[in-house]
Amino acid sequence: MTAPRLLNLDAGRWGLERARATARAIEADRRALRLLVGAMFGEVELRKRAADVARRVTENDAKALWPFADELAGLLAEVPMEESRTRWHLGLVVARTAHTREQRLRAARLMELLFEEESNVTRCSAVEGIGLLADEERSLRAIAEEMIERALREGTPAMKARARHAKRRLEKAGWREHGPSGP
């Protein structure tokens, strides 16, 4: 059986429910996760579906894809802008799987690039991603705040919603910088 068929990425109608079901079926299986990452280096439609499933996996357990964090960031840097759907899924995956300082800094640079793209969904992904990264990496706070404020001023309604969510996340996390009682 081929990897796409084994992972349920092959032909047929694709949608949110299928992506979620596939993620649930493979998220605890290291071999299947390795096949999923490998599928992202294949044909365009397969890459898009695999990135969608990876996004759903990281919604539940980003640690499951931690072993592939560097590989996924490298892939995101190389996926052409025309593949916006793949890029926005991967943007979230890269932000969620970055677990070292170096990975978070690299992911933040990628979020800045995604934020400059034409695709609204890709820019939304960048705003959400930078918020996640800045929540874990204090040194990214200024970059995140600038991106969030720009999204709030210039963004579409969807982007503004993501930016508000990211801003609330950072404000809520502010206690970690100075302790619960403030500076």
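Residues numbered from 1 in each chain as written. Predicted model: local features only at pLDDT ≥ 70, side-chain atom pairs only at ≥ 80, totals over all residues. Heavy atoms only, no water.

A. Seen up close, the environment of Ala163. Tracing the chain through its elements places Ala163 in helix H10 (residues 157-178). Overall, Ala163 belongs to the buried group, its relative accessible area being 0%. Every residue in contact with Ala163, bar those within four places of it in the chain, is listed here: Val127, Ile148, Ala151 and Leu152. (Helix = DSSP H or I, 4+ residues; strand = E, 2+ residues; numbered from the N terminus. Buried < 20%, exposed > 50% of the residue type's maximum accessible area, 1.4 Å probe, protein only. Contact = heavy atoms within 4.5 Å.)

B. Looking closely at the nonpolar core. Counting residues in hydrophobic clusters, the biggest one holds 52 residues, and the most contacted among them are Leu9, Leu36, Met40 and Leu133. Setting aside anything within four residues of it in sequence, one finds Met40 in contact with Arg47, Ala50, Ala51, Ala54, Leu72, Leu75 and Leu90. (Core = buried A, V, L, I, M, F, W, Y, C linked by side-chain atoms within 4.5 Å.)

C. Local environment of helix H4 (residues 44-61). In this model H4 runs 25 Å from its N-terminal to its C-terminal C-alpha over 18 residues, within 8% of the 26 Å that 1.5 Å per residue would give. Those residues of H4 not exposed but buried are Leu46, Arg47, Arg49, Ala50, Ala51, Asp52, Val53, Ala54, Arg55, Arg56, Val57 and Thr58. (Expected span 1.5 Å × (residues − 1).)

D. Layout of the environment of Glu59. With respect to the secondary-structure elements, Glu59 resides in helix H4. A C-alpha to C-alpha distance of 9.8 Å links Glu59 and Arg20, two positions 39 residues apart in sequence. Here Arg56 takes part through its side chain, which lies 3.2 Å from a polar atom of the side chain of Glu59. (Polar contact = N/O pair within 3.5 Å; in protein donor to acceptor, adjacent residues only side chain to side chain.)

E. Representation of the pattern of salt bridges in the model. Scanning the entire structure with this criterion turns up 19 salt bridges. In this structure, Arg56 and Glu59 form a salt bridge, with 3.2 Å as the shortest nitrogen-oxygen distance. One end of the pair is Arg56 and the other is Glu59, both in helix H4 and 3 residues apart, which spans about a single turn. Residue class for Glu59 comes out partly exposed when judged on its relative accessible area of 37%. A salt bridge links Glu149 to Lys167; the shortest N-O distance between them is 3.0 Å. Taken together, the positions of Glu149 in helix H9 (residues 141-154) and Lys167 in helix H10 put the pair 18 residues apart, joining distant regions of the chain. (Salt bridge = Lys/Arg side-chain N within 4 Å of Asp/Glu carboxyl O.)

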